[in-house]
Amino acid sequence: MKTFSLSVLLLVGTWGALALAASTQVPEATTEAGPEECIQGENCNLPDCLCGSVHNPGNFELSQVPQFVVLSFDDAVTVSNFPFYEEFKNLLNPNNCRITMTFFVSHTYTNYTLVNELHRLGHEIALHSVSHKSDVQNYWRPANKSVWVSEMSDLKKIIVQNANIPEEDIKGWRAPFLEVGGDEMFSALHDLGLQYDCSWPTLKYTNWYGSKPLGALWPYTLDYPSIQDCQLGRCPADTYKGLWVAPMIDLNDNLGEACAMLDTCRSIDDELLNNADAIEYFLKRNFDLNYRGNRAPFGLYAHHAWFYENVIGETTARKDGYLKFLQYLATKPDVYVVSMNRVLEWMKNPVPVSQLNSQEAFQCPSFDPASTCPDKNNYEFDKTNNLPENLDSVRMGSCHRPKPAYFPWLHNPYGNETIA
């Protein structure tokens, strides 16, 4: 087997340093005393409740378990990164349906006509905050419930209005910088009727950590206290019936250390920056540990900028290695690259991989649906439009008319109020 040197990768950006480490029923927050131990089949039953576990929810033999791979991208969807996402359009799963990804969208610089197009092609649109403020220490870490509610609820309104996406299709959330916000954040998720969080890394529950790995943690609900380790931010102490956690299973980088997002996976000699073969091997190595382990959903979580970090060197190694890895997955008849919302639909009603096509979430139309954004508009805002302090001007693509009088923002998602 080809081997590569280990490497250290210095990353640029505040998000890099911090990333180490469908039922429509509204979840019900629980604070009253109750059983502390979750026992599947006794006090916890699918599709509404699933205990945290390293075992698949159907108790299937490993050969019958579909291996889900979740590709996600954080932050704004723009005219610059959209062509990259479009390149995945012709990649198919074993059932001949297009692979689908999850986009955790933040507001500033997002072109919502392109968000609409991603949704039209079957991808999942989820929430990643309005402001995406970089001041973790003073903004996200001490944030109370009202801050989390505003960041989630106002972004949801902005997306529904400008991307013309049905509100019920927006189900998930990822906290900026993976700064898990404790019960304040999870109670906001509950109150807003969101179905899952995907902000919470785990090192303890992987298929590689320690001399005797415990196995990767499957998604679970917060009906009972979580068994998951808490690496970043503040994890919840209360319980929230029916609210799902999609754990971010740490990868094992080329230094033998943990990385929750590709942006912080390190090596030496820049091999994970400049060597496509090394990148492909790194991804295959981590995938195979999971595929041959317990087949919990395998996540590759990134920012688009990771693929184009070495602009000076003009290398496309990361993109090339990533695509070669996806081509490797395409050779496996039991591997499905799907968005997180589809994974959770299977979790609620698990079936063997041979029966996967019986579930609506894994079916696809013969033809792509017509666009729901026939009226594409590009609006420009400046300081006269009530921009946040750090912006002098910004453009926003929108499926909606007329242009808002003010830039949509926190506490003003429709841009119709003169508030600072």
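Quick summary incoming for the structure in this document. (Residues numbered from 1 in each chain as written. Predicted model: local features only at pLDDT ≥ 70, side-chain atom pairs only at ≥ 80, totals over all residues. Heavy atoms only, no water.)

## A look at the nonpolar core
Right, on to step 1. Counting 115 residues, the largest nonpolar core has Ile 159, Phe 186, Leu 262 and Tyr 322 as its most contacted members.
Right, on to step 2. Among residues more than four places away in sequence, those in contact with Phe 186 are Val 180, Asp 197, Trp 200, Leu 222, Pro 236, Tyr 240, Leu 243 and Val 245. (Core = buried A, V, L, I, M, F, W, Y, C linked by side-chain atoms within 4.5 Å. Buried < 20%, exposed > 50% of the residue type's maximum accessible area, 1.4 Å probe, protein only. Contact = heavy atoms within 4.5 Å.)

## Notes on the state of the cysteines
Right, on to step 1. Overall, the coordinates contain six disulfides when judged by the stated rule.
Right, on to step 2. Bridging Cys 259 to Cys 265, the disulfide has an S-S length of 2.1 Å. The disulfide joining Cys 259 to Cys 265 has a torsion of about 90° about its S-S bond and is therefore right-handed. Across the pair, Cys 265 and Cys 259 agree in class, each one buried.
Right, on to step 3. For the protein chain, the bonded cysteines connect in the pattern 1-4, 2-3, 5-10, 6-7, 8-9, 11-12 when numbered consecutively along the sequence. (Disulfide = S-S within 2.5 Å.)

## As for the packing of aromatic side chains
Right, on to step 1. Within the structure shown, the criterion is met by 30 aromatic pairs.
Right, on to step 2. Ring centres 5.2 Å apart and planes at 20° place the aromatic pair Phe 287 and Tyr 291 in the stacked group. Placement of the pair is Phe 287 and Tyr 291 together in helix α8 (residues 276-291), with a separation of four residues, close to one helical turn.
Right, on to step 3. Their ring planes at 90° and their centres at 6.2 Å tell us that Phe 287 and Tyr 328 sit as a pair that is edge-to-face. Of the two residues, Phe 287 sits in helix α8 while Tyr 328 sits in helix α9 (residues 317-329), which places them 41 residues apart along the sequence. No difference in accessibility class separates Phe 287 from Tyr 328, as the two residues are buried. (Phe/Tyr/Trp six-rings, centres within 6.5 Å; stacked < 30°, edge-to-face > 60°. Helix = DSSP H or I, 4+ residues; strand = E, 2+ residues; numbered from the N terminus.)

## Re the packing of helix α3 (residues 112-120) against helix α5 (residues 145-163)
Right, on to step 1. Put simply, α3 and α5 touch, their axes get as near as 8 Å, and they point 85° apart. Classified by the angle between their axes, α3 and α5 sit roughly perpendicular to one another. Contact residues: α3 offers Tyr 112, Val 115 and Asn 116, while α5 offers Leu 155, Ile 158, Ile 159, Asn 162 and Ala 163.
Right, on to step 2. Here the residues of the contact of α3 with α5 sort into six nonpolar, two polar and no charged. (Axes fitted to C-alpha atoms, helices over the stretch in contact; angles between N-to-C directions. Parallel < 35°, antiparallel > 145°, perpendicular 65-115°, else oblique. Nonpolar A, V, L, I, M, F, W, Y, C, P; charged D, E, K, R; others polar.)

## Topic: the packing of α8 against α9
Right, on to step 1. Direction vectors running N to C along α8 and α9 enclose 40°, while the axes themselves pass 7 Å from each other. Taken together, the axis directions place α8 and α9 in an arrangement best described as oblique. Like other packed secondary-structure pairs, α8 and α9 cross with a definite hand, here right-handed. Of the residues in α9, those in contact with Ala 276, Asp 277, Ile 279, Glu 280, Leu 283, Lys 284, Phe 287 and Asp 288 of α8 are Ala 317, Arg 318, Asp 320, Gly 321, Tyr 322, Lys 324, Phe 325, Tyr 328 and Leu 329.
Right, on to step 2. When its residues are assigned to classes, the contact of α8 with α9 shows nine nonpolar, one polar and seven charged. (Left-handed = near helix turned anticlockwise from the far one by under 90°.)

## Some points on the side chain of Asp 263
Right, on to step 1. Secondary-structure assignment places Asp 263 in the loop between β12 (258-259) and α7 (271-274).
Right, on to step 2. The buried charged residue Asp 263 lacks any salt bridge, with Arg 318 as its nearest oppositely charged partner at 7.0 Å.
Right, on to step 3. A distance of 3.0 Å separates polar atoms of two side chains, one belonging to Asp 263 and the other to His 303. (Lys, Arg positive; Asp, Glu negative; His and termini not counted. Salt bridge = Lys/Arg side-chain N within 4 Å of Asp/Glu carboxyl O. Polar contact = N/O pair within 3.5 Å; in protein donor to acceptor, adjacent residues only side chain to side chain.)

## What about helix α6 (residues 182-191)?
Right, on to step 1. Of all ten residues in α6, eight are buried, a share of seventy percent or more.
Right, on to step 2. Gly 182, Asp 183, Met 185, Phe 186, Ser 187, Ala 188, Leu 189 and His 190 are the residues of α6 that are buried.
Right, on to step 3. Two residues or fewer after α6 comes Gly 193, characterised by a positive phi angle close to 75°.

## Side note on α3
Right, on to step 1. Counting buried positions over the nine residues of α3 gives seven, a clear majority of the element.
Right, on to step 2. All of the buried residues in α3 are Tyr 112, Thr 113, Leu 114, Val 115, Asn 116, Glu 117 and Leu 118.
Right, on to step 3. Tucked inside the fold, the buried residues of α3 contact α2 (82-86), β3 (102-105), β4 (124-127), α5, β15 (377-382) and β16 (393-398).
Right, on to step 4. The positive-phi residue at the C-terminal boundary of α3 is Gly 122, with phi of around 100°.

Geometry only, nothing functional implied.
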